[in-house]
Amino acid sequence: MKNTVDAEIRNGNLVRAHELCLRALQENPDDARLKHAAVICLLRSGAIDRARREFREYGLHQAELDEDLMALDARLVKAMAFEAVSEHFQPLARQSALRYGAVFEATGGSYTGVNAASMMALSGDGNQAREYARRVLSSGEVQAGNPQARYYQLASTAEAHLLLGDLRAAQVALNAALAEDPENYGAHAVTRRQLALVGSAMGLSAQSLPLPVLPRPFHYAGHIFSEVAELLPAGGESNSLAGRIEQALEQHNTGAAFGALAAGADILFAEAVLRRGASLTVVLPVPVDVFLQSSVQPFGREWVRRCEHCLGEADDILETSSDRVLISGASINLASSIAMGLARLRAEMLATEPVQLLVLDPSDPAREFGTARDGDIWLCADLQQSLIEVRRERSSARPKRPLEAEASDYRPAMRAMLFADVVGSSRIAEDTVPSFVEAVLKPMAMAARATSPAYLDSWGDGLFLAYSGSCEAAEAASQLMQAFKAIDLTELDLPDQLDLRIGLHFGPAHQGRDPLMDRDSLFGAQVSLAARIESTAMPGTIFASEAFAAVLAMEQDGGFRCEPVGLKRVDPQLPPVRLYTLRKVAPDSLVARAFRSSHGILETA
């Protein structure tokens, strides 16, 4: 079972891994490795407070002789430091360093030794950091093992050399590490962040450091056209459009791609990505067959063939609505925002910077939706953009303007939807129900109303709130979680197992009169999906759909952190949904500044 749990954690399926841990612990309640894995799942899912509580309840603070188990306490404090306000960062960094150092003294392990060195450097104690680094380097040669294990040993060596100011030796060790596990981009991203942190603490710029170079995720978009000849080079270049796209991908060291598949530029981008062997995620505003009918078929059978080939080779296809008829400007904008946000989220995971590549006619006046609008949104987020400028022949066929919904009592609306539920409320004794309502549900209701939702409802111990924007919903989720954590359950004689879980989703809903309640309400498949996401969230966490996390990535400035927790089947009638954990972080914290950084890495200065 432990091997299965480890595999799920490596693949990022933290929800599944946590479920397996709890199930296995029922049969093996004393298995310390399973307890360790369960806490790691909580930590990486954003439930830091719950992870710290279970760390002690499981007795892991009493672990001996096992470096990983003993280092978990230091790792929890390190996570707190990275999300804390700047004035608390150095004290927490030193606390983490001392705990790593104690484990290093007991085990001599390079993992805890180099973490003690780095966290000591970040706390401002360079002398002690260098002492730990020298001891790590003198501890011995790289041990035999699998490529990943050797990679991390060599990466630790590179980090130790950097702490001692030997950039050349750090580069040599880093090159050796990369040669051991060349395509493990997740591990490379961890190293990239860590070396950047150390270098920043030493006053070095990111450009001067030995850092792994990672392929850059990118968003692509461009005009629809029937024939490539309809697009003319803006500056008289003779290169073909496909060739110019290839050059742009090479120039910007692009990797994973995110965008649509309309006839014309979109398909040229997708074909170039597939020729490079990179990952392609197709994001469509409507189901595939509806999209083909509206955005591909009218422009020729050859485009249909090429589009279908790209769909068959794509790594993932996301349909942002289930509308079988309507492709609207709002749905096009939603799909584009999700594609852009996914590129930014992937770049954040890889500790690098995303880029946007556009085939654009600068004279095109369209700004409500489409390529120019996407470019404006990207630049507003202060992200790098590269244009392949063209001129569209005025005689060329134009795509039809997106349809708008027919007049109806049920109006389409893009909404950020929040569902919240108190887990464990069924265990509340009947005589304490009034206390639960007054002391738990009432403060949560007050916190909910204070966020001024566009819609709110409740049932039992649950809440349903809706907002126009993702930032509003994320802030509301954070406020609700804080309100719940401020409640002293023990003093109220309520079960201490009670906890709050929240689910977030962004998508199209239908607003109209509820025939039973005789007031406006929200309806639709996306509302149901939001409710089901909440039911899968681990207690003490805020889970968000991929759509919500992506839209938030393009609207926020770093005050919230979203990290993937894996695929989960939230409804037996639907395919698995990719979920993210969300938590609020201090605006001046390291992770918030990393989100805003032009390099995509954590920097202390």
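As the structure is a prediction and not an experimental result, all values here were calculated from the model. (Residues numbered from 1 in each chain as written. Predicted model: local features only at pLDDT ≥ 70, side-chain atom pairs only at ≥ 80, totals over all residues. Heavy atoms only, no water.)

Draft legend 1. Seen up close, the overall build of the chain. Of regular secondary structure, the chain possesses 22 helices and 15 strands. Over its C-alpha atoms the chain spans a radius of gyration of 26 Å, differing by no more than 12% from the 25 Å that the globule rule assigns to 605 residues. Dimensions along the principal axes, computed over C-alpha positions, put the chain at roughly 75 × 70 × 40 Å. In the chain, buried positions account for 55% of the 605 residues. Across the chain, every contact between residues at least 6 apart in sequence was considered, and the portion connecting residues at least 24 apart equals 73%. Accessible surface computed for the chain: about 26,500 Å², of which carbon and sulfur atoms make up 49%. (Helix = DSSP H or I, 4+ residues; strand = E, 2+ residues; numbered from the N terminus. Rg over C-alpha atoms; globule rule 2.2 N^0.38 Å. Buried < 20%, exposed > 50% of the residue type's maximum accessible area, 1.4 Å probe, protein only. Contact = heavy atoms within 4.5 Å. Areas by Shrake-Rupley, 256 points an atom, 1.4 Å probe, with all protein chains shown as cover.)

Draft legend 2. The arrangement of the side chain of T451 in detail. Checked against the element boundaries, T451 lands in the loop between helix 18 (433–450) and strand 9 (455–459). The class of T451 is buried, set by a relative accessible area of 18%. Here the side chain of T451 touches A448 through a polar contact of 2.5 Å, landing on its backbone oxygen. With residues near it in sequence (within four places) discarded, T451 still touches Y467 and A476. (Polar contact = N/O pair within 3.5 Å; in protein donor to acceptor, adjacent residues only side chain to side chain.)

Draft legend 3. Main features of the nonpolar core. Counting 59 residues, the largest nonpolar core has L480, I502, L504 and F548 as the members making the most contacts within it. Membership of the second largest hydrophobic core comes to 43 residues, among which are L231, A260, V273 and C310. (Core = buried A, V, L, I, M, F, W, Y, C linked by side-chain atoms within 4.5 Å.)

Draft legend 4. The arrangement of helix 4 (residues 48–57) in detail. Of all the residues in helix 4, the buried ones are I48, R50, A51, E54 and F55. Buried positions in helix 4, seen along its axis, are confined to an arc of 155° and lie on one side of it. Exposed positions of helix 4 whose direction lies more than 90 degrees from the buried face are R56 and E57. The secondary structure elements touched by the buried residues of helix 4 are helix 3 (32–44), helix 5 (67–83), strand 11 (499–514) and strand 15 (577–584). Phi for G59, located one or two positions after helix 4, is positive at around 75°. (Arc of directions from axis to C-beta.)

Draft legend 5. Representation of the pairing of strand 12 (residues 519–523). Across 5 bridges, the pairing between strand 11 and strand 12 is antiparallel. Paired with Q511 across the bridge in strand 12 is L522. Following strand 11, the chain reverses through 4 residues before pairing antiparallel with strand 12; D518 in that reversal takes a positive phi of roughly 55°. (Pairing = 2+ DSSP bridges.)

Draft legend 6. Spotlight on the environment of C562. Inspection of the secondary structure assignment puts C562 in strand 14 (residues 560–568). With a relative accessible area of 8%, C562 lands in the buried category. Along the sequence, C562 and Q293 sit 269 residues apart, while their C-alpha atoms lie 35 Å from each other. Other than its neighbours up to four places away in sequence, C562 contacts L345, E348, A549, L552, Y580, T581 and L582.

Draft legend 7. Geometry of the packing of helix 5 against helix 7 (residues 110–122). Packing of helix 5 against helix 7 brings their axes to within 11 Å, and their N-to-C directions diverge by 25°. Taken together, the axes of helix 5 and helix 7 lie roughly parallel to each other. In this structure, helix 5 crosses over helix 7, and the sense of that crossing is left-handed. Contact residues: E67, A71, R75, K78 and F82 in helix 5; S110, Y111, T112, N115, M119 and L122 in helix 7. Class assignment for the residues of the contact of helix 5 with helix 7 results in 5 nonpolar, 3 polar and 3 charged. (Axes fitted to C-alpha atoms, helices over the stretch in contact; angles between N-to-C directions. Parallel < 35°, antiparallel > 145°, perpendicular 65-115°, else oblique. Left-handed = near helix turned anticlockwise from the far one by under 90°. Nonpolar A, V, L, I, M, F, W, Y, C, P; charged D, E, K, R; others polar.)

Draft legend 8. Here's a closer look at the side chain of S123. Examined against the element boundaries, S123 turns out to sit in the loop between helix 7 and helix 8 (126–137). Among the residues examined, S123 registers a relative accessible area of 12% and is labelled buried. Polar side-chain contacts of S123 include one of 2.7 Å to the backbone oxygen of M120. Among all residues touching S123, those that are not within four sequence positions of it are Q90, A93 and R94.

Draft legend 9. The arrangement of helix 10 (residues 167–180) in detail. For helix 10, built from 14 residues, the straight-helix expectation of 20 Å at 1.5 Å per residue is met to within 8% by its first-to-last C-alpha distance of 20 Å. Looking at helix 10, one finds that the buried residues are A169, A170, A173, L174 and A177. Each buried residue of helix 10 lies within a common arc of 135° when the element is viewed along its axis, so the set occupies one face. Opposite the packed face of helix 10, turned more than 90 degrees from it, sit the exposed residues R168 and A179. Among the structural elements, helix 9 (147–163) and helix 11 (185–201) are those in contact with the buried residues of helix 10. (Expected span 1.5 Å × (residues − 1).)

Draft legend 10. Focus on the state of the cysteines. This structure, assessed with the given rule, holds 0 disulfides. Not part of a disulfide, C41 finds its nearest cysteine sulfur in C21, a span of 4.9 Å. (Disulfide = S-S within 2.5 Å.)

Draft legend 11. Geometry of the packing of aromatic side chains. For the structure on display, the rule yields 9 aromatic pairs. Measuring from ring centre to ring centre gives 6.1 Å for F104 and Y132, while their planes differ by 70°; the resulting arrangement is edge-to-face. With F104 in helix 6 (residues 86–107) and Y132 in helix 8, this pair connects stretches of sequence that are 28 residues apart. The two residues F104 and Y132 agree in class, both being buried. Connected via pairs of aromatic rings, a cluster forms that spans F218, Y220 and F269. (Phe/Tyr/Trp six-rings, centres within 6.5 Å; stacked < 30°, edge-to-face > 60°.)

Draft legend 12. View of the packing of helix 8 against helix 9. The contact between helix 8 and helix 9 brings their axes to 9 Å, and the two run at 140°. Considered as vectors, helix 8 and helix 9 are oriented oblique to each other. In this structure, helix 8 meets helix 9 at a crossing whose hand is left-handed. Judged by residue contacts, A129, R130, A133, V136 and L137 of helix 8 engage T157, A160, H161 and L163 from helix 9. Counted by class, the contact of helix 8 with helix 9 contains 6 nonpolar, 2 polar and 1 charged residues.

Draft legend 13. Just the environment of S139, in detail. Examined against the element boundaries, S139 turns out to sit in the loop between helix 8 and helix 9. On the accessibility criterion, S139 (45% relative accessible area) is partly exposed. Sequence separation of S139 and V565 is 426 residues, and the distance between their C-alpha atoms is 36 Å. There is a polar contact of 2.5 Å between the side chain of S139 and the backbone oxygen of V136.

Draft legend 14. Looking closely at unusual backbone geometry. For N253, which is not glycine, the phi torsion reads 50° and is therefore positive. On the secondary structure map, N253 appears in the loop between helix 12 (241–251) and strand 3 (254–259). Despite not being glycine, D493 shows a phi value in the positive range, around 60°. Locating D493 in the fold gives a position in the loop between helix 19 (470–485) and strand 11. Given the relative accessible area of 58%, D493 is considered exposed.

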